[in-house]
Amino acid sequence: MTEDPKIHWTETGAECSARWRSESAAAPPKRIVIANDQMTADAAYRLASEGTAMLWRGDFHNAKQLMQAIARRVDRKTQKPTATPIDAFNQHRQAQAQRARTLGMLLLQFDDDYRINLRRAPDVTQACAEAYGPADEPFVASLRELLGIIGAHEWRKKGIDIPAAGGRIHPHYGVFAPVRSEYVKLVNDAPLPSTSLAFDIGTGTGVLAAVLARRGVQEIIATDQDQRALNCARENMARLGYAEKVEIVEADLFPPGRAPLIVCNPPWVPARPSSPLEHAVYDPDSRMLRGFLGGLAEHLEPDGEGWLLLSDLAEHLGLRSRAELNALIESAGLAITGRIDIRPNHPRAADDTDPLHNARAAEVTSLWRLVHSRKSSSGSVNSR
């Protein structure tokens, strides 16, 4: 059985209850009404905005259309002008959180085999099993969460073509998909200090470990502490033919020992995630970045290099300064021996309707080449 909370509602005069599931850690709704195809978009938006959830009993495709109509009404709200980039970021995050809460108020009931007893409901048993694990008991979840699970299932099926990795990477639900190609290109193009051994810290899907393996690194130890990521990386290494080269290890940051090359692509934005699924993007107080830099010297061979892959988006948002980053590097006994920069090519960088457009348009992703400070003859490099 599970410790997930229960939700309660009244239907046809009877008191009902069911298990509540939310991978985004959304709180269970306190007020629930029954809704069907007669529900108008305006009424649904009003209920959702007030915090009343709607347990759907109509046609599945009509539920999707209703949620899209609610989304349009949410998105009509205009954002207030902000004085600073950090104000714009905080307002954007608040709007995102409110949007997620509102759209999460349309609920579906699932049987104990992940089936949905609604007209035109799709078979989501495989997608749900990938996200939730083996089916056990009936539950209620939001339509918004289910659509995310279905989308993740489709990504997992078709994969993402990463030529630098030698094939397709198939992300699992809850594991950050390598849809931004710039950091992969940086690892593919940077000069290798050694081809004997590398550590890939926080491997996720294993994409960077695969790139290093394809480039000829003979042994790679890839770490992560998330079980979904560990399973995902192992599957990808086996599918790509790198299982003998790449060892996937459960660890908080570093494995035991030292390596001549240590690579890390931590979350880029030092802010609190609003759900467990956002941990690959948001890193409160730069914890992973600090942990990687703080432990790098201890695990780096005397003549080795640590590659830190990091966007400067946080700097443009006012969340972290370049001086703070340089200070973290210096205090860890490290020096910068070089840096390779690349501009992003994702659509948001050119979308002037994005609330964070100015920061995204200025963003640069960098591969910082870090060495033991006593081995550096040039000292810290800051070419920006």
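Up top is the structure.
Now for a look at the structure at hand. (Residues numbered from 1 in each chain as written. Predicted model: local features only at pLDDT ≥ 70, side-chain atom pairs only at ≥ 80, totals over all residues. Heavy atoms only, no water.)

## Some details on the layout of surface pockets
So the rule is basically this: We place a 1 Å grid over just the protein atoms. Points where a 1.4 Å probe fits but has no way out form a cavity, open points with protein on both sides within 12 Å along at least 5 of 7 lines form a pocket, and any residue with an atom within 4 Å of a point lines it. Grid points are joined across faces, edges and corners, and a volume is the space filled by probe spheres set on the points. Counting from the N terminus, the helices are DSSP H or I runs at least four residues long and the strands are E runs at least two residues long. Three classes are used, and their members are as follows: Ala, Val, Leu, Ile, Met, Phe, Trp, Tyr, Cys and Pro are nonpolar, Asp, Glu, Lys and Arg are charged, and the others, Gly among them, are polar.
Taken as a whole, the second largest pocket spans an internal volume of roughly 270 Å³. In this structure, the second largest pocket is lined by 17 residues; those nearest its centre are Thr82, Ala88, Pro355, Leu356 and Asn358. For the lining of the second largest pocket, the elements supplying multiple residues, two or more each, are α3 (85-103) and α12 (357-362). Per element, the largest residue contribution to the lining of the second largest pocket is four residues, and it comes from α3. Within the lining of the second largest pocket, the residues separate by chemical class into seven nonpolar, eight polar and two charged.

## A look at the side chain of Ser286
Basically, it comes down to this: Contacts are residue-level and defined by heavy atoms, with any inter-residue pair within 4.5 Å sufficient.
Assignment of secondary structure puts Ser286 in the loop between β12 (259-264) and α9 (287-299). Residues within four places of Ser286 in sequence aside, it is in contact with Pro270 and Arg320.

## Details of the sheet that holds strand β4 (residues 52-56)
Quick note on the threshold: Here, a strand pair is defined by DSSP locating no fewer than two bridges between the strands. The convention used is that axes are lines fitted to C-alpha atoms, helices contributing only their stretch in contact, and that angles between N-to-C directions extend from 0 to 180 degrees.
With mixed pairing, six strands are arranged side by side in an open sheet as β1-β2-β6-β5-β4-β3. Strands with a single pairing partner mark the edges of an open sheet, and in this sheet they are β1 (6-11) and β3 (31-35). Averaged over neighbouring strand pairs, the angle between their axes works out to 40° when direction is ignored. In this sheet, strand β6 (residues 139-142) lies alongside strand β2 (residues 14-20) in parallel orientation, the contact comprising two bridges. Across the sheet, Trp20 pairs through a bridge with Val140, a residue of β6.

## Considering the packing of helix α2 (residues 60-75) against helix α5 (residues 143-158)
As a reminder of what qualifies: Note that the term roughly parallel is reserved for angles under 35 degrees, roughly antiparallel for angles over 145, roughly perpendicular for angles of 65 to 115, and oblique for everything else.
The contact between α2 and α5 brings their axes to 11 Å, and the two run at 105°. Here α5 runs roughly perpendicular to α2, going by the angle between their axes. Residues Phe60, Ala63, Lys64 and Met67 of α2 form the contact with α5, whose participating residues are Leu143, Arg144, Leu146 and Leu147.

## Examining the sheet that holds β12
Spatially, β11-β10-β9-β12-β13-β15-β14 is the arrangement adopted by the seven strands of the open sheet, whose pairing is mixed. In this open sheet, the two strands that pair with only one neighbour each are β11 (246-250) and β14 (334-342). Averaged over all pairs of adjacent strands, the angle between their axes in this sheet comes to 20°, without regard to strand direction. Inspection of the sheet shows strand β10 (residues 219-224) paired to β11 by five bridges, in the parallel sense. Looking at the pairing, Ile221 lines up with Glu247 of β11. Helix α6 (residues 182-189) rests against β12, β13 (300-311), β14 and β15 (365-372) of the sheet, and its axis sits at about 40° to β15. Across the sheet, α9 lies against β9 (197-201), β12, β13, β14 and β15, angled at about 165° from β13, the strand it touches most.

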